[in-house]
Each structure stands twice: as structure tokens, then as C-alpha cells.
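# Structural overview for review
The lines below spell out each chain.
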Amino acid sequence: MRLMNVNGALGALVAALTIFGGATPGGADVPKGAIGAIAVSPDGATVVASGNPRTFYVLDADTLEVKDRVWHGYNPLRLYWTKDGSRLALYHTDDIVTFFDAASLKEVGKTEKFNAHCFAAGAGKLITMHSGSKKDEKYPITLTVYSLATGEKTASTVLSYTVPVGDIACSPDGAQIAIASKQYDTDTEEKKNPPKDMAREDQPEFKKRNDAKAMWIGWFDGDLNKGAEYESWFSDSGSSLFFIKDGKALWFDNSTENVAFQADGTIEMMKLDNAGSFYGGLAGADHSFFLSGTLGKGYKVETATLSETEFKFPDRLEGWPEYLYGFAVAPDGTIYGGTSAYRMMKISPDGKVLDMKPVH
């Protein structure tokens, strides 16, 4: 199957997003049922966290003691604090980012609705992607850059593709953007099963190269100018984390279905040892590491080497299992995590659990 870019520049495809993580879902996302949205003030003194009670919990970053509780009314998924300390940017299940004054925690603005987005929080940018209604077998695709400091649009462009939008990733400075479609059927591959004598570690790539499915990858610069595009033999229904580091768009989903895309068409699959269960996930501000949360523990993973550091809950609660869903990283590298039992964790940059307290 060959899909054509109706703008006439290059063939391209962008498909619907159905994932959670570094890029975020098309269509309304599912509430986390946990403290899943966390941010740390630029001075490292205050943590703000939120979950299904639709409330901001304001915590002392040193002690994890709750200093205030402010109801905001949204079902939160991710939270960022702007570099100048003036605003909080809350992504929630309306597929919108709403901005709050950091001092008063009062709402001051919001973005338009989108299907996928990525934060280049260190650069003060939010990049969103929205698919309009289908007309004449085409979808208008809008890419927009917002300033996190003001909530205003700083750039926008409208494209036209044959299917709706998919995943989006950006570099820490927002200067590189990658989009990836949901997988689609293709006639460029013949469906085959791995040979019975093939080594287990070689099977994931063989399956991706021979499943008669593909995915389209497109690159843009920070001004939303279109770059390279190509069809990828690696395809997936959605990522858990998708971000750009050192010119590579890194797609993480589980232990084996992970890949690095490059603008020149290079595609390399990657394996995670233990950190592939992404109940929670976040890339650090400079994307040099990322975090993965799961049942009773989490992992800090170095992006360049994929080396993993495990950190575990200091105790186990009775009843239903407790999972690690949310993350934030302080300027000094301290990690804060939020769980399905509405407890907050504090973890040192080297992966030592320093404290764990409930927010209720």
C-alpha cells in the first residue's frame, strides 16, 4: 500500500494515536487512577501533584508534607512548571493543556483541543498536533507551537494527509519534531513467521519486518518546516514514550518493541531488560534518561546505553497492588513519583528511595 501526501511534496502518512506517554493520546485519554501529574518548582522547593480527585496537592519538596490542597476540576494526566516559575501547564483528559498561575493556582488560559502533543519544557514550548474532520478522503493536520510562559501560539501550520494524526515527539529544545503514524496494512512486505530455529533475540525484528504492516515517519524543524519522510518497516499501535535525543526519535513501548528512528531512514530496534512496563513514564528534561514505573517499583534508564537503575517501594500495602504512575524531576536531579495509592515518593538522582508519604 502506497500513501501519497496530498500537499504534493512527498508521500506521507499520519495515523490516529491510541497511546499514553511522552507523546500523548488521540481521542480522550483514560484517567490514571493515581497521582499521575507532578511538577517541581524551578527552585526545587515545592512539588505540586494531582490525580483523580481533581485537586492540586502542594507539597514541601524536602519533607513531602502537604501544605495545601486546591481543587481544579480536571482529570489530570501530566503537569509541567514553567522555567520562570510563573505558570503550571496541566494536560488533562479533555485533550487540552490548561494553564494556571503558579502562585494562586487559578486558571489563566488553555490551548485548543489536540490529538497528540509533546513538551519541550526546558525550552518553554508545547507542540500539539490536531486532525480535523475527513473531507474528500483527506484530513487537515494542524501542528502548533505554544509558549508555556504565556500560553500563546508562536507558530502553526496546516498540512493535509490521507489519515488522521498519530504520535509526536520533540527534542529538548523543540528544534526537532518527529511524527509517526499508527500502523497500517502495506503490500511492501510479505507476511512471514520467524523460522523455528531463529534465536529468540532475533525474532522481534524479524516479525516487524515481515508482518505486512508499516508506519510513516515524518520530520519537522522547530519552525514547523517539513523535512524527511519515509515508510518504516517497524510499526506499532502506539508508544508509551516517544522523544528525540541526539537526532534520534526514540520509541519505547515494552521490553522488545522499541526503536530509534533517524531522519536519514535508519531504523534500529532496542531491548529493555526490566523497565518495559510503562504504567508511568517520563523523559528527563534533557532526555539523557527516562523513567518507567510499574508494580511496586520504578526504573531510571540512561538513554544512551539503556542501563537501568531500579528503585523499589520501601513497604508493601495490604489489598490491591500499588503501581507507580507519575513522575517529575527537580532541577538538581531528584525524582518524585506518584502511585495508585496516592502516595508520593522521593528518589535521589542515583536511584535511592529517600521518602514515601500519602497525600491524604
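Our structure is the block above this text.
All of the points below concern the structure found in this document. Because the structure is predicted, anything quoted here is derived from the model rather than measured. (Residues numbered from 1 in each chain as written. Predicted model: local features only at pLDDT ≥ 70, side-chain atom pairs only at ≥ 80, totals over all residues. Heavy atoms only, no water.)

Looking now at the pairing of strand 21 (residues 267-270). Walk down a regular strand and you will see the side chains alternate between the two sheet faces. Looking at chain direction, strand 20 (residues 258-262) and strand 21 are connected through four bridges and run antiparallel. Each residue of the ladder has a partner; that of F261, found in strand 21, is I267. A loop of four residues connects strand 20 with strand 21, the two strands running antiparallel in sequence, and G265 in this loop sits at a positive phi of about 95°. (Pairing = 2+ DSSP bridges. Helix = DSSP H or I, 4+ residues; strand = E, 2+ residues; numbered from the N terminus.)

The next thing to look at is the sheet that holds strand 6 (residues 87-92). Ordered in space as 5-6-7-8, the four strands form an open sheet in which the pairing is antiparallel. Of all strands in the sheet, those with a lone pairing partner are strand 5 (76-81) and strand 8 (107-110), marking the two edges. Strand-to-strand twist in this sheet, taken as the mean axis angle between neighbours without regard to direction, amounts to 25°. In the sheet, strand 7 (residues 96-101) pairs with strand 8 via three bridges, with the strands oriented antiparallel. Directly across from T98, in strand 8, lies its bridge partner K110. (Axes fitted to C-alpha atoms, helices over the stretch in contact; angles between N-to-C directions.)

Ranked by internal contacts, the top residues of the largest apolar core, which has 22 residues, are V97, F119, F327 and M345. Contributing elements (two or more residues each) for this core: strand 5, strand 6, strand 7, strand 23 (289-294), strand 26 (324-329) and strand 28 (343-347). Within the second largest apolar cluster, 18 residues are counted, among which are I127, M129, L143 and L224. (Core = buried A, V, L, I, M, F, W, Y, C linked by side-chain atoms within 4.5 Å. Buried < 20%, exposed > 50% of the residue type's maximum accessible area, 1.4 Å probe, protein only.)

Moving on: unusual backbone geometry. Even without a glycine there, the phi angle at R54 is positive, about 60°. Of the residues examined, R54 reaches a relative accessible area of 31% and is grouped as partly exposed. Located in the positive-phi region is D246, a residue other than glycine, with phi close to 55°. Mapped onto the elements, D246 comes out in the loop between strand 18 (241-245) and strand 19 (248-252).

Further remarks concern the layout of surface pockets. The calculated volume of the largest pocket comes to roughly 650 Å³. Residue assignment for the lining of the largest pocket shows that the elements contributing at least two residues are strand 1 (37-40), strand 5, strand 9 (116-120), strand 18, strand 22 (280-283) and strand 26. When residues in the lining of the largest pocket are grouped by element, the largest group, four residues, is from strand 5. Per-class residue counts for the lining of the largest pocket are 25 nonpolar, six polar and three charged. (1 Å grid on protein atoms, 1.4 Å probe; cavity = no way out; pocket = protein on both sides within 12 Å on 5 of 7 lines; lining within 4 Å. Points joined across faces, edges and corners; volume = space filled by probe spheres on them. Nonpolar A, V, L, I, M, F, W, Y, C, P; charged D, E, K, R; others polar.)

Shape descriptors only; they carry no functional weight alone.
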